[in-house]
Amino acid sequence: MTLSDTANATGPRGLDHLVIGVNDLDAAGALYERLGFKVGARNRHPWGTENRIVQFPGSFLELISVGDASAIPQPAPGRFSFGAFVQEALTRGEGLAMLVLESRDSEADNRAFKAAGIGDFAPFFFERQARRPTGEEVRVAFSLAFADNPDAPECGFFVCQQHEPQNFWNPAFQSHPNGVTGLSSAIMVADEPARHRAFLDAFTGGAEVLEGNADLVWTLPRGRIDVLDPEAAAAIYHVEPAPTPTHFLGFCVTVPALDAVAERLEAQAISFMRGDERLVVPAEAAMGCVIAFEQA
């Protein structure tokens, strides 16, 4: 029995959200607004982090920073500390720190991760108040199940189950001035992409894998995970090889047309590179996270 056989109890899992560490949450919000995204208000977590959200249909970006370092719990055997992971990631630099897939049953996923040998963490539940565009406060609540890839210690992985989805997802938050229609991929760079296949097969719940040279692409029910070797990453996203063997590079979003995005980026004096299929905002222009706009 393979890892994916024991970890796909609830079937293949789509992209849920990406956790992007930033030092200055307001500056990050301002940058993403210049990029043409609609950015939500600041939210505070009891474990010391604060976030602002960029929402798409069924997925979102979580811009996150440390608000109160004294409130961050330290990790312990069997207990994943979300705040401590974000804090440690920021000591290495800003950028995409965690990849999150959807969960329909976090308890089942947690058991499946344990059976597959990719996670043995206590279940994690939390809730907070959210505010609708009308100003009305509503409850949102989430259960998380964490996974661990020892071959990618700088990359965080977990799944997220929504308990009040009707209070979280809102079409008013999903209409962006830049025309983005969705989150299409998370990008990971690895010296040996195949080394992560067993883990990602299990973590995705047995999603289909497409192979191309050394690169691997997991096609999910919503979006995909692109795992590229440094040569492919350099060719597609114009990045220099990193000292870390495995790291998250950034993400791709879809737009109806690239010309309008290019005009916006030029007007906002945001540097980018243009290819046949995408526009790429480099990490140095986007707080450590490569942002690619793909033609839908």
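Structure: above.
Described below are features of the structure shown in this document. Fair warning: this is a prediction, and the values are worked out from it, not measured in the lab.

Rules of the game
Residues numbered from 1 in each chain as written. Predicted model: local features only at pLDDT ≥ 70, side-chain atom pairs only at ≥ 80, totals over all residues. Heavy atoms only, no water. Helix = DSSP H or I, 4+ residues; strand = E, 2+ residues; numbered from the N terminus. Phe/Tyr/Trp six-rings, centres within 6.5 Å; stacked < 30°, edge-to-face > 60°. Buried < 20%, exposed > 50% of the residue type's maximum accessible area, 1.4 Å probe, protein only. Core = buried A, V, L, I, M, F, W, Y, C linked by side-chain atoms within 4.5 Å. Contact = heavy atoms within 4.5 Å. Pairing = 2+ DSSP bridges.

1. A few points about the environment of alanine 262
Right, on to step 1. Note on placement: alanine 262 falls in helix α8 (residues 258–267).
Right, on to step 2. Through-space distance from the C-alpha of alanine 262 to that of isoleucine 187 is 21 Å; in sequence the pair is 75 residues apart.

2. Description of the packing of aromatic side chains
Right, on to step 1. In the structure shown here, the tally under the stated rule is 24 aromatic pairs.
Right, on to step 2. Geometrically, the ring pair formed by phenylalanine 37 and phenylalanine 56 is edge-to-face, given 6.2 Å between the ring centres and 70 degrees between the ring planes. With phenylalanine 37 in the loop between α2 (25–34) and β2 (43–44) and phenylalanine 56 in strand β3 (residues 49–56), the pair connects residues that are 19 residues apart, well separated along the chain.
Right, on to step 3. Overall, phenylalanine 56 belongs to the buried group, its relative accessible area being 0%.

3. Re the nonpolar core
Right, on to step 1. Judged by nonpolar contacts, the single largest core of 59 residues is most densely connected at Tyr32, Leu99, Phe157, Phe203, Phe251 and Phe293.
Right, on to step 2. What leucine 99 contacts, discounting residues up to four positions off in sequence, is Leu15, His17, Leu18, Gly156, Phe157, Phe158, Ala186, Phe203, Ile225 and Phe248.
Right, on to step 3. In this structure, Val19, Phe60, Met98 and Ala130 belong to the second largest nonpolar core, which totals 25 residues.

4. So, the pairing of strand β16 (residues 290–295)
Right, on to step 1. Counted residue by residue, β16 has five buried out of six residues, so it is predominantly covered.
Right, on to step 2. As paired strands, strand β13 (residues 246–255) and β16 are joined by six bridges and run parallel to one another. Bridge pairing links cysteine 252 to alanine 292 in β16.
Right, on to step 3. Sheet topology places strand β15 (residues 278–281) next to β16; four bridges connect them, and they run antiparallel. Residue pairing across strands places valine 281 opposite isoleucine 291, the latter belonging to β16.

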